Amino acid sequence: MLSARLWITIVTATLANALSLGLAAWILQGFTLAPAWWVVAVVLFTVLSVVLRTAALRVSDSRWLRVSTITGGLALTAIALALTDVIVPDSGFDIDGWGTWVVVTLVVWAAGVAFGEVDHHAPASTPGLSPDTRAAARAGEGRAS
């Protein structure tokens, strides 16, 4: 069974992805996101992002974690978007043009960064996370989640 904290993280990440993909599709002419495919694309993108991030963290050196968080995050966002674009039919999810790809990647990545800040710097009273764990993370001893 998943903890309350993990459920909060999953729901918040999914909402951040839904909003960022929706915003990008709304403001960019080269990005098509059909309402009927929106939920599928968001769930698929969220799963791909988590799987790719987990795999990348397993192989990365902790000394470069801060640098790789920025560059790696952009790359992983682009890869997850590309895989989503390949899997979901063009009528439901289609990013056209390199400029559109760059902007969509930046918008979705920025939303992910914002989500990460909210998720990993939540108050100590957040369900499923002890104040000691939160304090240790703030002191630089590791991530809180």
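Calculation criteria
Residues numbered from 1 in each chain as written. Predicted model: local features only at pLDDT ≥ 70, side-chain atom pairs only at ≥ 80, totals over all residues. Heavy atoms only, no water. UniProt positions renumbered as here; feature names shortened; annotations may be inferred. Helix = DSSP H or I, 4+ residues; strand = E, 2+ residues; numbered from the N terminus. Phe/Tyr/Trp six-rings, centres within 6.5 Å; stacked < 30°, edge-to-face > 60°. Buried < 20%, exposed > 50% of the residue type's maximum accessible area, 1.4 Å probe, protein only. Expected span 1.5 Å × (residues − 1).

As named in an unreviewed UniProt entry, the protein chain is Phage holin family protein, taken from Aeromicrobium senzhongii.

(A) Up close: the UniProt feature "transmembrane region" (unreviewed entry) in the protein chain. The feature "transmembrane region" (unreviewed entry), as annotated in UniProt, sits at residues 34–52, 64–83 and 98–116 in this numbering. Secondary structure within residues 34–52 divides into 95% helix and 0% strand; the distance between the first and last C-alpha atoms comes to 25 Å. The distance from the first to the last C-alpha atom of residues 98–116 is 26 Å, and the span holds 100% helix and 0% strand.

(B) Region of interest: the packing of aromatic side chains. What the rule picks out here adds up to 1 aromatic pair. Taking 5.2 Å as the distance between ring centres and 80 degrees as the angle between the ring planes, the aromatic pair formed by F31 and F93 counts as edge-to-face. Taken as a pair, F31 in strand β1 (residues 31–33) and F93 in strand β2 (residues 93–95) lie far apart in primary sequence, 62 residues in all. Residue F31 shares its accessibility class with F93, and that shared class is buried.

(C) Spatial organisation of helix α2 (residues 35–59). When the terminal C-alpha atoms of α2 are compared, their 36 Å separation across 25 residues agrees well with the 36 Å that a helix rising 1.5 Å per residue should span. Within the span of α2, buried status applies to A41, V42, F45, T46 and L48.

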